[in-house]
Amino acid sequence: AQSVSQHNHHVILSEAASLELGCNYSYGGTVNLFWYVQYPGQHLQLLLKYFSGDPLVKGIKGFEAEFIKSKFSFNLRKPSVQWSDTAEYFCAVNAGYGGATNKLIFGTGTLLAVQP
Amino acid sequence: NAGVTQTPKFRVLKTGQSMTLLCAQDMNHEYMYWYRQDPGMGLRLIHYSVGEGTTAKGEVPDGYNVSRLKKQNFLLGLESAAPSQTSVYFCASSAAKGSLNQPQHFGDGTRLSIL
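Small disclaimer: the values here were computed from a predicted structure and weren't measured. (Residues numbered from 1 in each chain as written. Chains lettered and ligands numbered in written order. Predicted model: local features only at pLDDT ≥ 70, side-chain atom pairs only at ≥ 80, totals over all residues. Heavy atoms only, no water.)

**Here's the deal with the state of the cysteines**
With the rule as written, the count across this model stands at two disulfides over all chains. The disulfide that involves C23 of chain A links it to C91 of chain A, with 1.9 Å between the sulfurs. In this structure, the disulfide formed by C23 of chain A and C91 of chain A twists by about -65 degrees around the S-S bond and is classed as left-handed. One end of the pair, C23 of chain A, is in the loop between β3 (19-21) and β4 (24-26); the other, C91 of chain A, is in strand β10 (residues 87-94), with 68 residues separating them in the sequence. Here C23 of chain B is linked by a disulfide to C91 of chain B, with a sulfur-sulfur distance of 1.9 Å. Handedness here is read from the sign of the S-S torsion; for C23 of chain B and C91 of chain B, about -75 degrees, the answer is left-handed. With a gap of 68 residues between them, C23 of chain B in strand β3 (residues 19-25) and C91 of chain B in strand β9 (residues 87-94) connect regions that are remote in the sequence. Taken individually, C23 of chain B and C91 of chain B each receive the classification buried, so the pair is uniform in this respect. (Disulfide = S-S within 2.5 Å. Helix = DSSP H or I, 4+ residues; strand = E, 2+ residues; numbered from the N terminus. Buried < 20%, exposed > 50% of the residue type's maximum accessible area, 1.4 Å probe, protein only.)

Okay, structure coming up:
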């Protein structure tokens, strides 16, 4: 079965530090990859997505992610975090199974706390 | 510009009670989903629907039923609530065209506690 792994469960950074959150998936075929963010008390919002083309994807709020097919990875990065980036981050994969119904498989999430 | 609206936002139930969570979207999306979010487990798909009048089971469907009588609404029912169903429930919707790369749009969630 397809799965998504986020190895960093809880990350604490100081403002201006660089961020990299890991995401690995298990599926050998074509995938579509997403990063969602959930700010405290709010719903999930799309940060960025990859479905084809340039493997380096830029999203909102200065985030980017790189799809490395050989490593089955889609790591999220930001050069300099801000206190307002404190949130939970979810990686998700759509492996296109089950008749293309856009069912997403989510990772368990990474809780990021940015200290001012 | 409502997007996906969930009602209620909070609810406390006693074991064995029943209730229905309502999800409404105004984006004319074909696909709708119900997830539950539990600490350390991310989001898990309960049921989903690819169109009016159709529903299908997701990853954790037991104890839940759903209905999609109208395109814009997707209802999640708990017939006999159990403490294990204490969770935050999120509804989402997405467009069907180019479905595999369409992002899902989420509601604000319903926090449900079963005593």
